[in-house]
There are 4 protein chains.
Amino acid sequence: MKPAPLALELPRTKGATRARTMRAVVKATAGPGAEIREVPVPTCLPCELLLRVLRAGVCGTDLHIFEWDRWSQGRIRPPVTLGHEFVGEVLERGEGVANFSAGDRVSCESHIICNTCLACRTGNGHVCENTRILGVDVNGGFAQYVTVPAANAWRAPSNISIEAAAVMEPLGNAVHTAFAGALSGCNIAVTGCGPIGLFAIGVARAAGAARVFASDVSAYRLELARRMKADAAVDVSKENFVERMRELTLGTGLDGVLEMSGNPQAMRDGLTALRNGGRLSLLGLPKEPFDLDWNRLVIFKGITLHGIIGRRMFDTWYQMDNLLTSGRLDVRPAITHVMPMEKFHEAILLLKNGTAGKVVLVPWGLDQGELP
Amino acid sequence: MKPAPLALELPRTKGATRARTMRAVVKATAGPGAEIREVPVPTCLPCELLLRVLRAGVCGTDLHIFEWDRWSQGRIRPPVTLGHEFVGEVLERGEGVANFSAGDRVSCESHIICNTCLACRTGNGHVCENTRILGVDVNGGFAQYVTVPAANAWRAPSNISIEAAAVMEPLGNAVHTAFAGALSGCNIAVTGCGPIGLFAIGVARAAGAARVFASDVSAYRLELARRMKADAAVDVSKENFVERMRELTLGTGLDGVLEMSGNPQAMRDGLTALRNGGRLSLLGLPKEPFDLDWNRLVIFKGITLHGIIGRRMFDTWYQMDNLLTSGRLDVRPAITHVMPMEKFHEAILLLKNGTAGKVVLVPWGLDQGELP
Amino acid sequence: MKPAPLALELPRTKGATRARTMRAVVKATAGPGAEIREVPVPTCLPCELLLRVLRAGVCGTDLHIFEWDRWSQGRIRPPVTLGHEFVGEVLERGEGVANFSAGDRVSCESHIICNTCLACRTGNGHVCENTRILGVDVNGGFAQYVTVPAANAWRAPSNISIEAAAVMEPLGNAVHTAFAGALSGCNIAVTGCGPIGLFAIGVARAAGAARVFASDVSAYRLELARRMKADAAVDVSKENFVERMRELTLGTGLDGVLEMSGNPQAMRDGLTALRNGGRLSLLGLPKEPFDLDWNRLVIFKGITLHGIIGRRMFDTWYQMDNLLTSGRLDVRPAITHVMPMEKFHEAILLLKNGTAGKVVLVPWGLDQGELP
Amino acid sequence: MKPAPLALELPRTKGATRARTMRAVVKATAGPGAEIREVPVPTCLPCELLLRVLRAGVCGTDLHIFEWDRWSQGRIRPPVTLGHEFVGEVLERGEGVANFSAGDRVSCESHIICNTCLACRTGNGHVCENTRILGVDVNGGFAQYVTVPAANAWRAPSNISIEAAAVMEPLGNAVHTAFAGALSGCNIAVTGCGPIGLFAIGVARAAGAARVFASDVSAYRLELARRMKADAAVDVSKENFVERMRELTLGTGLDGVLEMSGNPQAMRDGLTALRNGGRLSLLGLPKEPFDLDWNRLVIFKGITLHGIIGRRMFDTWYQMDNLLTSGRLDVRPAITHVMPMEKFHEAILLLKNGTAGKVVLVPWGLDQGELP
């Protein structure tokens, strides 16, 4: 049913007087770095929601934008407020929005899609040809307030922590990758234990894999993998991945690999360790092109490779919501740091040094302990 | 690689002298009943295995044959030894068998297929047009010894109980039904908590369903459903199934129904409780034809219905093996009785009265406690 | 990219002065019949298109509404302009519509969906829980003008006849049904040769079925089936369907059945004629519930049944467009009558008597020969 | 049903006296070349058929073995009779074979599989871990007689030419590749117009693609592509593939690519020309590893890649048989040469020079015109 248009003015939360400016982490110029600035609070347009940001996750992409890598140089048009992983509280809803109310807590899909291209019109909005991304192409959630299309909002599950709700966007990457092929009763390896890899371990387990193995070169990350209940966590700087997988699958080989590292050797090893007919789903972004022995690793083995981006809109969100609200999936061990958004530069350093799982930021004016 | 033919004579287990006759539960005549008889030990032909039966499960089909229902009258050609669920120890292997050795413990796929029809030649042997079934069309496992085609043998997992290994055939029915559609992250209901329904609860959970609900009219069976960790067990003699499912899924409706009861109302309720686009997989055999409001329950909702029989050969077995050996699936709560095969008639009575989950029989000459 | 809002006023086609009223076929009262009336030209709201109707198809559903059957009594709220199959020329576009321009010719998806339910948000809008249908729940296309949501408009292929463009909605039903399972290289039967059945014959052939067989009881319709190039057209009032299918598939049985008749015997025969593991996709609406021998026809055979409604939005439309514009699919033999909309009652009579394939109506003020 | 064993002696065809030796094309030594030799007629073992070879196709793999490339050096153990594509007439059937009789004409699946590995036991015998190939690992069909496992024989369709029957093995490669993803109503490109590429054009059309485009650098091959009814045949030495595909799909991009060339640029261009979410199925064997811009070509586009080998056993054969016997698929334009097997070296030269489509050989003692 088409919702009746609403009055634009909605009750404010908790009697707060709405400010006209706010603090935000802004990519201000076309070069390395980012700065904390006072910027205007955005205006809520028709079909949009204005959110008070409650928590926001930091992603490797934020690090790339910060460092101003080649991809960023081609894509980012400063100034732009960063942050594409966040949960917020609805303050206002734009004209035409009926399915959310002030006070609702929502996580956000970061891809704003065109709804008119072939991909969008066939249930594949995650590969929309005209995608704009929150915190990349338009202002994002490293701020006190953010506006998002109501179509991108997802009512946050009430029985999970606010930090877990903040990272549903990257968690959705893990769900999308894991769900791209068979999981139930399968032997699955996750190559690369950054935050999405860590999430993927939990997702694969919760979603019915018989065994989930993980690999990385960092002892720190492998310890997190174990906390996410990987059946084995293999340090590939010390052990032979292919041999270990063969042992762990009693000679059968893996049914599936979730490639989260972007590392060429991880992908080659993953393909080698797959059984004939297996699948490798590829989310990790390689730094540059790399070669493959296609005959031996793909063709003769009858392998299926999936390129994965974003989250299925909104199949992935339903699946994720079910796994979270049922308690099957607990992502907390992967969230290693919660810190004030003011310390954004410190968070970036943690990512750069690889001494963190997922880092969650708390905007100005909120205590870390304020929310359930 | 094609195995080299073997000498027919293999070492006997534990120095036992092989008897020429054995005890067995035989459907002796075309009428109600079955009797325990002394019959010849079968001869192991090429491509076959001779097994010492260690444990055998009793199935509703055995009850039907015992009671000589219409289906039995059309199918069974007495005399035949009953029993299509069992685990045994390899005593001899026929000419041409290389992948099993004396002493191996094997569970058995009960469908002996032709390997030449379209179904068989396209990976769908479970719907072979010329299927013969152990314990139905040819002598089965309610005996001290049985021969089976080596192609039907499945090496029993070493880390599960011998009783669990005995019931992999009906457990495979549950796996096949559950795996016929989406499971991971889904809300699934199992309608009917007989042994296969009970197994299906455990399978759906282990294989990644977010929530698994069960329904029945028997308090006894519903209690077993809870022990198999159903998220809710609904007594449909007292509660409205459709309303309960709507509540439990927060208004969304079920993603899938595993129909295990053969009860027309269970199927209609299952279809009603499904969300649009959901699936119902149908294993339970109705006693007779029944009608459906096709428009309202199937067409307008865009439902997919699967008729399920047997086990995918051998996809289902690999999936089941992984779930069992990884410890994700524990079927023990569904096995309520282990008793001597000599008490076959008592076991039949338990099934008839509905006062049992799965009943497992121990052949003559074996103690219940003899095996791990 | 989000389109910039447009000025509401657009150039009128061919210098026509826009009238304030128009003629339309209106279901005026809650009882049998429908009448031709002068009604206001609808106003084009935001996100809508105002179309001059060029051609409109008559559907069995229109007959049901005319006759005021039970389904109509529960659903229709008079007065409403009928007609859910049509092609029109864009006269105006509402605010926010960027991807169509005045003068464009568009066919229309008849389902107006909510975009917020689970089905809509997972690419399954065809089973939206809140669907409203043009010409059923809101005013339709049996009129000189009609407004439709721009999201429902599909640019009509330029190289097909205007009559073919008019019937893309029911043609899409046929595409959806055919594409619900395997087609390529398959032996397919279409049971029921009404207009959608006739379309389905052409679709299955164009989409790669190896052989397409058709059945009906009407010699008239079977002749149309042959013109749609059915490999065989079986008169089930004279021939045994199951035996004929067995012959025509050389004993193998059908791979798929597209059930378009709603006839219980057609469905039972279709299931019987399927090979084990085949699929039956069910679009035809039975008049009332009917029973099935589930064991013999569905479960033991491992059959998959699909309930089909509407068209996948918009996968079906892309597939249909490709088949039409490539010239693989020619639906003209199924369009047996083109007549003035003024003769609506005559068209209804043709449908009632079964002496027509698809009937297409030409609105007032247009010559039949006016358009390419 | 298990067949009763047969007497080994069967009637000889046409009163021919069976010779004890025969002529054959033999890879005699570990180095370049092959020679025509007199060798013993093979003996028909249990479960085998002895065939009189009627026609045999020459494959690029035969050229590789002839030239003794690196792959050959690692795989071939001379002496071995070459030839893995052929049709023959059954002369004798081994013990245990019931479903073929003397006089039957059979095409042959070239992969002899183990039936015991995971792939074999899950309907994926085409990626069996222990595959042996006729004419590669065991003696093949470039000879007057050959023995094959009865399980590898496929009754040749009676209404196709004997040359077409001879090339069902490579035609099956094309069917397998084409059927690995969506075809019906799709826009498909075939990159590389060697014999399998040419077959793939015909297969994709027959199996329901809306449009089939082909690319190559050889004018000769492109002409053959047109004869196979490609909707466009693009000379990529002169035209820009990606631009042409964009034009031909009206800006949408391809739905699928069947990669038959093994050429890195063809694959990169194919991936670029795919729409987001499209699939590329990879049969052509690259000469060596090559790199890919994974991010741009696979991950950001959400592409699915399939490694393809062999033919699904025997799904592919059923599909192929249906397409051939229904007359939907005509492979004759791709068969450019039929010549005596004695001229094997001339055939090899044709392949080397790229001045042939498929070359079919006629064994000694048979006239080219002898058979229908």
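Residues numbered from 1 in each chain as written. Chains lettered and ligands numbered in written order. Predicted model: local features only at pLDDT ≥ 70, side-chain atom pairs only at ≥ 80, totals over all residues. Heavy atoms only, no water.

Trainee: How would you sum up the overall build of chain A? Please name residues and give values.
Mentor: If you tally the helices and strands in chain A, you get twelve helices and 19 strands. Taken over the C-alpha trace, chain A has a radius of gyration of 21 Å; the compact-globule value for 372 residues is 21 Å, and the two agree within 12%. By the burial criterion, 63% of the 372 residues in chain A qualify as buried. Here the analysis covers contacts within chain A between residues at least 6 apart in sequence; of these, 70% occur between residues at least 24 apart. For chain A, the accessible surface area stands at approximately 13,500 Å², while carbon and sulfur atoms represent 50% of it. Distance between charge centroids for chain A: 2 Å, based on 40 positive and 37 negative side chains. (Helix = DSSP H or I, 4+ residues; strand = E, 2+ residues; numbered from the N terminus. Rg over C-alpha atoms; globule rule 2.2 N^0.38 Å. Buried < 20%, exposed > 50% of the residue type's maximum accessible area, 1.4 Å probe, protein only. Contact = heavy atoms within 4.5 Å. Areas by Shrake-Rupley, 256 points an atom, 1.4 Å probe, with all protein chains shown as cover. Lys, Arg positive; Asp, Glu negative; His and termini not counted. Charge placed at Lys NZ, Arg CZ, Asp CG, Glu CD.)

Trainee: Any details on the interface of chain A and chain D? Residues and values, ideally.
Mentor: Contacts between the two partners involve 33 residues from chain A and, on the opposite side, 33 residues from chain D. A buried area of about 2,900 Å², summed over both sides, lies between chain A and chain D, and 68% of it is on carbon and sulfur atoms. On inspection of chain A and its partner chain D, the count reaches zero salt bridges. Counting across the chain A and chain D interface gives eleven residue pairs in polar contact (both at pLDDT 80 or more). In the side of chain A that touches chain D, the residues fall into 19 nonpolar, nine polar and five charged. (Buried area = accessible area lost by both parts, 1.4 Å probe. Salt bridge = Lys/Arg side-chain N within 4 Å of Asp/Glu carboxyl O. Polar contact = N/O pair within 3.5 Å; in protein donor to acceptor, adjacent residues only side chain to side chain. Nonpolar A, V, L, I, M, F, W, Y, C, P; charged D, E, K, R; others polar.)

Trainee: Could you give an account of the packing of helix α8 (residues 241–248) of chain C against helix α9 (residues 264–273) of chain C, naming the residues involved and the relevant values?
Mentor: Residue and element names in this part refer to chain C. Taken N-terminus to C-terminus, the directions of α8 and α9 make an angle of 30°; their axes are 9 Å apart at the nearest point. Classified by the interaxial angle, the pair formed by α8 and α9 is roughly parallel. Handedness of the crossing formed by α8 with α9: right-handed. Contacts from F241, V242 and M245 in α8 reach D269, G270, T272 and A273 in α9. Here the residues of the contact of α8 with α9 are counted per class, giving four nonpolar, two polar and one charged. (Axes fitted to C-alpha atoms, helices over the stretch in contact; angles between N-to-C directions. Parallel < 35°, antiparallel > 145°, perpendicular 65-115°, else oblique. Left-handed = near helix turned anticlockwise from the far one by under 90°.)

Trainee: Report on the interface of chain B and chain C, specifying residues and quantitative values.
Mentor: How large an interface is tends to be reported as the accessible area lost when its parts come together. Counting from both sides, the interface comprises 33 residues of chain B and, opposite them, 33 residues of chain C. Across the interface of chain B and chain C, roughly 2,900 Å² is buried in total on both sides, 67% from carbon and sulfur atoms. Of all residues in chain B, W294, I299 and F300 of chain B give up the largest surface area on contact with chain C, accounting jointly for 22% of the area buried on that side. Along the contact surface separating chain B from chain C lie zero salt bridges. At the boundary of chain B and chain C, one finds eleven residue pairs in polar contact (both at pLDDT 80 or more). Mapped by element, the contributors of at least two residues to the side of chain B that touches chain C are β15 (274–282), β16 (290–292), α10 (294–299) and β17 (304–307) of chain B. Across the side of chain B that touches chain C, the residue classes break down as 19 nonpolar, nine polar and five charged. Across three bridges, the pairing between β17 of chain B and strand β17 (residues 304–307) of chain C is antiparallel. What sits directly across from T304 of chain B, in β17 of chain C, is H306 of chain C. (Pairing = 2+ DSSP bridges.)

Trainee: Which residues make up the relation of the copies chain B and chain C, and what are the values?
Mentor: Rotating chain B by 180° and moving it 0.0 Å along the rotation axis overlays it on chain C with an RMSD of 0.0 Å. Taken together, the turn and the small shift mark the pair as related by a two-fold rotation axis. In terms of proximity to the rotation axis, the leading residue of chain B is D291 of chain B, whose C-alpha is 1.7 Å off the axis. In this assembly, 100% of the residues forming the interface of chain B have copies in chain C that are likewise at the interface, indicating an isologous arrangement. (Least-squares fit on C-alpha atoms with pLDDT ≥ 70 in both.)

Trainee: Outline unusual backbone geometry, listing residues and values.
Mentor: Residues and elements named next belong to chain A. Cis geometry is found at the peptide bond from M313 to F314, where omega equals 10°. Within the element layout of this structure, F314 appears in the loop between β17 (304–307) and α11 (315–325). Positive phi, normally seen in glycine, also occurs at N115, with a value near 65°. On the secondary structure map, N115 appears in the loop between β7 (111–112) and α3 (118–121). Of the residues examined, N115 reaches a relative accessible area of 51% and is grouped as exposed.

Trainee: Pulling in residues and values, what's your account of the side chain of T191 of chain C?
Mentor: Residues and elements named next belong to chain C. Considering the arrangement of structural elements, one finds T191 in strand β11 (residues 187–191). Its relative accessible area of 1% is what places T191 among the buried residues. Apart from residues lying up to four places away in sequence, T191 is in contact with S215, F241, V257, L258, E259, M260, S261 and A266.

Trainee: Outline the relation of the copies chain A and chain D, listing residues and values.
Mentor: If you rotate chain A by 180° and push it 0.0 Å along the axis, it lands on chain D with an RMSD of 0.0 Å. Most of the interface of chain A is mirrored in chain D, where 100% of its interface residues again form contacts.

Trainee: I'd like a rundown of the sheet that holds strand β11 (residues 187–191) of chain A, residues and numbers included.
Mentor: Reading across the sheet, the twelve strands line up as β13(A)-β12(A)-β11(A)-β14(A)-β15(A)-β17(A)-β17(D)-β15(D)-β14(D)-β11(D)-β12(D)-β13(D) and stay open at both edges, with mixed pairing between neighbours. The two strands at the open ends of the sheet, each matched to only one other strand, are β13 (232–235) of chain A together with β13 (232–235) of chain D. Taken pair by pair, the neighbouring strands of this sheet meet at an average axis angle of 15°, ignoring direction.

Trainee: Account for the nonpolar core, with residues named and values stated.
Mentor: L171, L198, I201, A225, L324, L329 and V331 of chain D are the most contacted members of the largest nonpolar core, which has 65 residues in total. For this core, the element with the most residues is helix α6 (residues 195–206) of chain D, which contributes eight residues. Split by domain, the residues of this core number at least three in each of domain 1 (6–167 + 331–362) and domain 2 (174–307) of chain D. Not counting residues up to four positions away in its chain, the partners in contact with A225 of chain D are C193, L198, I201, A214, A230 and A233 of chain D. Core analysis: the second largest hydrophobic core is formed by 62 residues, A156, A166, A206 and I335 of chain B among them. (Core = buried A, V, L, I, M, F, W, Y, C linked by side-chain atoms within 4.5 Å. Domains from an automatic or database assignment.)

Trainee: Any chance you could break down the packing of aromatic side chains for me, citing the residues and the numbers?
Mentor: All told, the structure shown has 30 aromatic pairs over all chains when counted by the stated rule. When the centroid spacing of 5.4 Å and the interplanar angle of 25° are considered together, the rings of F290 of chain B and W294 of chain C count as stacked. Here F290 of chain B, found in strand β16, pairs with W294 of chain C, found in helix α10 (residues 294–299), and the two come from separate chains. According to the relative accessible area criterion, F290 of chain B is buried, its value standing at 6%. (Phe/Tyr/Trp six-rings, centres within 6.5 Å; stacked < 30°, edge-to-face > 60°.)

Trainee: Could you give an account of the environment of A30 of chain B, naming the residues involved and the relevant values?
Mentor: All names here are of chain B. Summarising the element assignment, A30 is placed in the loop between β1 (21–27) and β2 (35–40). Using a relative accessible area of 61% as the deciding quantity, one classes A30 as exposed. Counting along the chain gives 47 residues from A30 to R77, while the straight-line C-alpha distance between them is 7.5 Å. Setting aside its immediate chain neighbours within four residues, A30 contacts W68 and P78.

Trainee: Please set out the domain arrangement of chain A residue by residue, giving values where relevant.
Mentor: Residues and elements named next belong to chain A. Under the domain assignment used here, chain A contains domain 1 (6–167 + 331–362) and domain 2 (174–307). Each of domain 1 and domain 2 has a C-alpha centre, and the two are 30 Å apart. In this assembly, domain 1 packs against domain 2 so that about 910 Å² is buried in total across both faces, 75% of it on carbon and sulfur atoms. The three residues of domain 1 that bury the most area against domain 2 are P333, A334 and K358, which together make up 40% of that side's buried surface. Joining domain 1 to domain 2, the criterion identifies zero salt bridges. At the boundary of domain 1 and domain 2, one finds one residue pair in polar contact (both at pLDDT 80 or more). Here the residues of the side of domain 1 that touches domain 2 are counted per class, giving five nonpolar, six polar and one charged.

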